[in-house]
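# What the coordinates show
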Amino acid sequence: MSHIEERIVNAGFQLPAHSVPAGLYQPAIRTGNLVFTSGQLPLRDGKLVEPGGKGKVNELTQTDAAAAAGTALLNALAAVKSLTGTLDVIEHIVRLTVYVASESYFTNQHLVANGASSLLADFFGEQGRHVRSAVGVAELPLDASVELELIVSCNPPQAII
C-alpha cells in the first residue's frame, strides 16, 4: 500500500477501484506530468451516496453534499491511480473544480467544495494545496448533487532498465 493510500485509510476512508466509464470518455488521461480526470460523481458501488449525493443542494443539505464531494474525490484519486499505479507519484494537486447542483439562491458552493479540499490537505499535506473553482449548476448527471474534476502533477514515469 502506498504512503498516500495509508493516509487515506488512517483518515477512515477507502480508495475504491476505478470506475468503468458510463460513456465515450476516459476516467483520466495523462499528458506529460499532468493527469486530468473526467467529472467524478459521488458514487459508491455504482450508486449515489445517501445522504447528500443526490438532488439539489441547499443550506439544509450542504453538509451532506460536502461529504458527497469527498466521495467524488476518492473516485477521482482512483482514476488517477489507474494511470499511475500509485498515488505516491503525485507531486502536487494543481486544480480542483467542483460543480454543485444548487437550489435557487444557494450560494455556499464553496462550503460544499471544502469537503473535497479538506481531504486533499489531509491526504497530501502541503502538496494538496490547490487552486479551485466551486460552481453552482442547475442539474448534474444522474441527479447527482456534486461532480468534480481534478488536475494533478506527477513525477515523470520511471524508465525501465
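Attention in this report is confined to the structure presented alongside it.

Cut-offs used in this document
Residues numbered from 1 in each chain as written. Predicted model: local features only at pLDDT ≥ 70, side-chain atom pairs only at ≥ 80, totals over all residues. Heavy atoms only, no water. Helix = DSSP H or I, 4+ residues; strand = E, 2+ residues; numbered from the N terminus. Rg over C-alpha atoms; globule rule 2.2 N^0.38 Å. Areas by Shrake-Rupley, 256 points an atom, 1.4 Å probe, with all protein chains shown as cover. Pairing = 2+ DSSP bridges. Core = buried A, V, L, I, M, F, W, Y, C linked by side-chain atoms within 4.5 Å. Buried < 20%, exposed > 50% of the residue type's maximum accessible area, 1.4 Å probe, protein only. Contact = heavy atoms within 4.5 Å. Axes fitted to C-alpha atoms, helices over the stretch in contact; angles between N-to-C directions. Parallel < 35°, antiparallel > 145°, perpendicular 65-115°, else oblique. Left-handed = near helix turned anticlockwise from the far one by under 90°.

### Comments concerning the overall build of the protein
Counting its regular elements, the protein contains three helices and seven strands. Beginning at the N terminus, the succession of helices and strands in the protein can be written as α-β-β-β-β-α-β-α-β-β. Its C-alpha atoms give the protein a radius of gyration of 15 Å, within 12% of the compact-globule value 15 Å for 161 residues. Along the three orthogonal principal directions, the C-alpha set of the protein runs to about 55 × 35 × 25 Å. Surface accessibility of the protein: about 8,600 Å² in total, with carbon and sulfur atoms responsible for 54%.

### Observations regarding the pairing of strand β1 (residues 28-31)
Both β1 and strand β2 (residues 34-37) contribute to a ladder of four bridges, which runs antiparallel. Bridge pairing in β2 places Ala 28 opposite Thr 37. Hairpin geometry of β1 and β2 is characterised by an intervening segment of two residues between the two adjacent antiparallel strands and by a positive phi of about 60° at Gly 32.

### Focus: the nonpolar core
Judged by nonpolar contacts, the single largest core of 38 residues is most densely connected at Leu 77 and Leu 150. Secondary-structure elements contributing two or more residues to this core are α1 (3-10), α2 (62-84), β5 (90-101), α3 (109-124) and β7 (146-154). Tallying contributions element by element places α2 first for this core, with 11 residues. Not counting residues within four places of it along the chain, the set of residues in contact with Leu 150 comprises Val 35, Phe 36, Thr 37, Leu 73, Ala 76, Leu 77, Ile 93, Arg 95, Leu 96 and Leu 120. Ranked by size, the runner-up nonpolar core spans five residues in total, among them Leu 41, Leu 48, Ala 101 and Ala 144.

### Observations concerning the environment of Asn 108
Summarising the element assignment, Asn 108 is placed in the loop between β5 and α3. The spatial distance from the C-alpha of Asn 108 to the C-alpha of Val 57 is 9.2 Å, given a sequence separation of 51 residues. Not counting residues up to four positions away in its chain, the partners in contact with Asn 108 are Glu 59 and Gln 62.

### Digging into the packing of α2 against α3
The N-to-C vectors of α2 and α3 enclose an angle of 45°; their axes lie 7 Å apart at closest approach. Relative to α3, the element α2 is oriented oblique. Crossing angle aside, the handedness with which α2 passes α3 is right-handed. Contacts between α2 and α3 involve Gln 62, Ala 65, Ala 66, Ala 69, Gly 70, Leu 73, Leu 74 and Leu 77 on the former and, on the latter, Leu 111, Val 112, Gly 115, Ala 116, Leu 119, Leu 120, Phe 123 and Phe 124.

### Some remarks on unusual backbone geometry
Cis peptide bonds are those with omega within 30 degrees of zero, and the linkage from Glu 50 to Pro 51 qualifies with 0°. Of note, Pro 51 is situated in the loop between β4 (47-48) and α2. For Leu 142, which is not glycine, the phi torsion reads 60° and is therefore positive. If you trace the backbone, Leu 142 turns up in the loop between β6 (131-137) and β7.

### A closer look at the sheet that holds β6
Strand order in the open sheet formed by five strands is β1-β2-β7-β5-β6, with mixed pairing between adjacent strands. The strands lining the two open edges of the sheet, one partner per strand, are β1 and β6. Going across the sheet, the axis of each strand differs from the next one's by a mean of 15°, ignoring polarity. In the sheet, β2 pairs with β7 via three bridges, with the strands oriented antiparallel. In the strand pairing of β7, Phe 36 is matched with Ile 151.

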